[in-house]
Amino acid sequence: MVPTMRAERFHAETKSVVLEDIAIPAPGPGEVLVKVAFCGICHSDLSLINGTFPAQRPVVTQGHEASGTIAALGAGVTGWAEGDRVVVAAGRPCQNCPNCRRGDLANCLRMQLMAFAYDGAWAEYTVAQVIGLTRVPDNVPLEQAAILADAVSTPFGAVVRTGKVVIGESVGVWGVGGIGTHIVQLSRLVGAAPIIAVDINAVVRDRAVELGADYAFDSGDPDLMAKINEVTGGRKLDVAFDAVGLKATFEQALEALTVGGRLVAVGMSDQCPTVGPTSMFGLTRKQVLIHVKKGEELNLYVEHDAETDVDTVSRETIDVYNTASWDRGGLLMLPPALSAGGDRLVDAAGKAVPTQRLKSGELAVLAPTIPAFGAERFTLQVDGSETSGNVENGRA
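Just so it is clear, the model here is predicted, and its values are computed rather than measured. (Residues numbered from 1 in each chain as written. Predicted model: local features only at pLDDT ≥ 70, side-chain atom pairs only at ≥ 80, totals over all residues. Heavy atoms only, no water.)

### A short note on unusual backbone geometry
- The residue after Ala193, namely Pro194, is reached through a cis peptide bond having omega -10°.
- Locating Pro194 in the fold gives a position in the loop between helix H5 (178–189) and strand E12 (195–199).
- With phi around 50°, Lys164 is a residue other than glycine that occupies positive phi space.
- Tracing the chain through its elements places Lys164 in the loop between helix H4 (153–162) and strand E11 (171–174).
- A relative accessible area of 53% places Lys164 in the exposed class. (Helix = DSSP H or I, 4+ residues; strand = E, 2+ residues; numbered from the N terminus. Buried < 20%, exposed > 50% of the residue type's maximum accessible area, 1.4 Å probe, protein only.)

See below:
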């Protein structure tokens, strides 16, 4: 009998997410099988579910921010051993296109994104190429290491490689969620000043200040540009990061730039921003730079950037614990006391929340139903009685 595992599968035709038993994949040459410890929930995962991003496969296992331990080695793999703690790259080069054949993996013409073009890690096991693995030291918890594959390596590449932020430059960050908060912290590490967080949510603005922003302004404030002008001494911003990707945030960030300033577009959506009249855009010499998530940092820079990120977390230089939601293998695991006998989970409004009773007896909540930020009240109904609690930052 073929050994099986649990995996959370997205079905494109029905836009449904289903927990299924599927065969454990076998690693091919140059690959390893990874036993998943933790896997993050990225907004792009939700964008696939709601149809914002087109499906590339009829059925796919989601999840691309994964950490775990090597369970098996494929043919020809050296330098790694079973049990090694690793972070899995969030994508892979095709290795067959003209650029890959000439060794330019960073500019693969057919880049394959994990959880879109091939199965991801909302599962008990996942397969990964060894060229995209990063070793995790023992003092870095695997739940923190998981999000380094995207939510930290993407900001690192945006700040250091695409934005090329240097000491003393003024930086603005539009959208200070999982990506934006790390842009704030990394901008602080490279010496940017002042750092301005811009978000419509007061709670995340406060968190951005705690994590290193000098100022936090409401993106809906009609005096926003005047405030940015004031705190930058009339210069406006040297570098602006749009971590949201909406037309409004892109154009607002562009407007806030100084002459010759750089806008780094990191967030993605289906909206179409503009740069305004080309005459004014040219005269102000502003630059728009695109930092594609899961692009260059997956390949040419994956070892350097991800290892740098791991080292930074290991030295406790940046805070990843308070900037993301957590799940294990694509599931929120409820505490043992709640898992013991519950048969129905409802949210604060009384709406049923999808759950799955695992072979271990634990009760799990499907990952896409977990709020990324803030707190969500839940009630577990056990044998006619109720036990209540909170889901905060994805943790029960």
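### Quick look at the packing of H4 against H5
- Close contact between H4 and H5 brings their axes to 9 Å; oriented N to C, the two are set at 45°. Considering their axes alone, H4 and H5 lie oblique with respect to each other. The handedness of the crossing between H4 and H5 is right-handed. For the pair formed by H4 and H5, the contact residues are Thr154, Pro155, Phe156 and Val159 on the first element and Ile179, His182, Ile183, Leu186 and Ser187 on the second.
- Class assignment for the residues of the contact of H4 with H5 results in 6 nonpolar, 3 polar and no charged. (Axes fitted to C-alpha atoms, helices over the stretch in contact; angles between N-to-C directions. Parallel < 35°, antiparallel > 145°, perpendicular 65-115°, else oblique. Left-handed = near helix turned anticlockwise from the far one by under 90°. Contact = heavy atoms within 4.5 Å. Nonpolar A, V, L, I, M, F, W, Y, C, P; charged D, E, K, R; others polar.)

### Remarks on the side chain of Asp242
- Topologically, Asp242 is positioned in strand E14 (residues 237–242).
- Note on Asp242: relative accessible area 1%, which makes it buried.
- Polar contacts involving the side chain of Asp242 include one to the side chain of Thr249, which spans 3.0 Å.
- Not counting residues up to four positions away in its chain, the partners in contact with Asp242 are Trp174, Thr249, Phe250, Leu263, Val264, Ala265, Val266 and Gly267. (Polar contact = N/O pair within 3.5 Å; in protein donor to acceptor, adjacent residues only side chain to side chain.)

### Focus on the sheet that holds strand E6 (residues 85–87)
- Strand order in the open sheet made by the 5 strands is E9-E3-E5-E6-E10, with antiparallel pairing throughout. Two strands bound the open sheet, and with one partner strand each, they are strand E9 (125–129) and strand E10 (134–135).
- In this sheet, E9 lies alongside strand E3 (residues 31–39) in antiparallel orientation, the contact comprising 5 bridges. Pairing of Glu31 across the sheet is with Gln129, part of E9. (Pairing = 2+ DSSP bridges.)

### Re the packing of aromatic side chains
- Counting across every chain of the model gives 2 aromatic pairs.
- Here the guanidinium or amino end of Arg92 rests over the ring plane of Tyr118, the centre of that ring lying 3.7 Å away.
- The residue whose ring lies beneath Arg135 is Trp80, and the NZ or CZ to ring-centre distance is 4.1 Å. (Phe/Tyr/Trp six-rings, centres within 6.5 Å; stacked < 30°, edge-to-face > 60°. Lys NZ or Arg CZ within 6 Å of the ring centre and 35° of its normal.)

### Points about the pattern of salt bridges
- Within this structure, the stated rule accounts for 11 salt bridges.
- Taken together, the salt bridges that share partners define one network made up of Arg9, Glu20, Arg57 and Asp119. (Salt bridge = Lys/Arg side-chain N within 4 Å of Asp/Glu carboxyl O.)

### Observations regarding the confidence of the model for the protein
- Residue-level pLDDT values for the protein average 80, and 74% of them are 70 or greater.
- Predicted confidence for residues 324–343 stays below pLDDT 50, and this span has 83 contacts to residues more than four positions away or in other chains. (pLDDT = per-residue confidence, 0-100.)

### Observations regarding the pairing of E11
- By the alternation rule, side chains of E11 split into Val171 and Val173 and Gly172 and Trp174, which are all buried.
- The pairing of E11 with E14 spans 4 bridges and is classified as parallel. Pairing of Val173 across the sheet is with Phe241, part of E14.
- Inspection of the sheet shows E11 paired to E12 by 4 bridges, in the parallel sense. Its bridge partner being in E12, Trp174 is matched across the sheet by Val198.
- Remark: the E11/H5/E12 crossover connection has right-handed handedness. (Right-handed = clockwise from strand over helix to strand, strands pointing away.)

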